[in-house]
Every structure is written in C-alpha cells, then in structure tokens.
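# Topology and contacts: notes
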Amino acid sequence: MIILNLNYILNIVITLFLIGVLGLVLNRKNILITLMSIELMLLAINLNFVVFSIYLDDITGYVFVLFILTIAAAESAIGLAILTIYYRLKHTIRIDKIKNIKS
C-alpha cells in the first residue's frame, strides 16, 4: 500500500478548491460553469474531510461527506431542472439575461 504525504493531498485539495473559485470569479456568462465550479469546490471540501478523517482515524468526516454529497446531488438536480425549463422557455442560460427577470 502506498502511503501519501498529507501535505501532498492537501495541496491537491487546495488546488481543486482554487480552480472552483477561479471558475466562479472569471465566469460571468454561463450559469452551467458556475454550477460546475460550485460542485468542484464542494468535492474539494469533501476530499479534505476524508483526508483528515483517515489521518485522525475518526468516522465523523465520512458522515459529513455523506451528508454533503447528498445535499450537493439534490442541489445539482434541482438546479439543472430549473435551467432546463428556463432554457426551453427563453432559449438562453446567460447569467446577465437571468438577472433581468422581474416577477
């Protein structure tokens, strides 16, 4: 079994999280990229919980990961369903067009 250094894995987690933040900051047009960036940040956080759960030999991190993945899956499903319906009605998913909606 290969034992990886904790710093190496945490650098990967930080890199994944920063890629997600960069996707949120640089993206101003497409809402799908925004949702994918949020999901990437959540997965980086989950990986962080798993790494520290293994390192500390505790099951609490796994429980948090289970809850976060469940909520993230529901959030993604609802978000994509809303986007699909919106695209069918308006034929666009650009963020600047969505911001101009007045109920």
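Bear in mind the structure is a predicted one, so any value in this text is a computation, not a measurement. (Residues numbered from 1 in each chain as written. Predicted model: local features only at pLDDT ≥ 70, side-chain atom pairs only at ≥ 80, totals over all residues. Heavy atoms only, no water.)

Across the interface, helix α2 (residues 31-56) lies against helix α3 (residues 60-90) with an axial gap of 9 Å and an inter-helix angle of 170°. In terms of orientation, α2 and α3 fall into the roughly antiparallel class. Along its contact with α2, which presents Ile31, Leu32, Leu35, Glu39, Leu42, Leu43, Asn46, Phe49, Val50, Ser53 and Ile54, the element α3 presents Gly61, Tyr62, Phe64, Val65, Ile68, Leu69, Ala72, Glu75, Ser76, Leu80 and Leu83. Residue composition of the contact of α2 with α3, by class: 16 nonpolar, 4 polar and 2 charged. (Axes fitted to C-alpha atoms, helices over the stretch in contact; angles between N-to-C directions. Helix = DSSP H or I, 4+ residues; strand = E, 2+ residues; numbered from the N terminus. Parallel < 35°, antiparallel > 145°, perpendicular 65-115°, else oblique. Contact = heavy atoms within 4.5 Å. Nonpolar A, V, L, I, M, F, W, Y, C, P; charged D, E, K, R; others polar.)

This part takes up a nonpolar patch on the surface. A contiguous nonpolar surface patch, about 510 Å² in accessible area, is contributed by Ile14, Phe17, Leu18, Ile45, Phe49 and Phe64. Of all the secondary-structure elements, those providing two or more residues to the nonpolar patch are α1 (6-26) and α2. When residues in the nonpolar patch are grouped by element, the largest group, 3 residues, is from α1. Along the polypeptide, Phe64 turns up in helix α3. Owing to a relative accessible area of 43%, Phe64 belongs among the partly exposed residues under this scheme. (Patch = residues over 30% accessible without salt bridge, like charges linked within 9 Å, V, L, I, M, F, W, Y side chains within 5 Å. Areas by Shrake-Rupley, 256 points an atom, 1.4 Å probe, with all protein chains shown as cover. Salt bridge = Lys/Arg side-chain N within 4 Å of Asp/Glu carboxyl O. Buried < 20%, exposed > 50% of the residue type's maximum accessible area, 1.4 Å probe, protein only.)

Moving on to unusual backbone geometry. At Asp57, a residue that is not glycine, the phi angle is positive and equals roughly 55°. A relative accessible area of 72% places Asp57 in the exposed class. One non-glycine residue, His91, lies in positive phi territory at about 60°. One can find His91 in the loop between α3 and α4 (95-99).

Moving on: the UniProt feature "transmembrane region" (unreviewed entry) in the chain. Mapped onto this numbering, the UniProt entry annotates "transmembrane region" (unreviewed entry) at residues 6-26, 38-56 and 62-87. In residues 6-26, helix accounts for 100% and strand for 0%; the two terminal C-alpha atoms are 30 Å from one another. Secondary structure within residues 62-87 divides into 100% helix and 0% strand; the distance between the first and last C-alpha atoms comes to 37 Å. (UniProt positions renumbered as here; feature names shortened; annotations may be inferred.)

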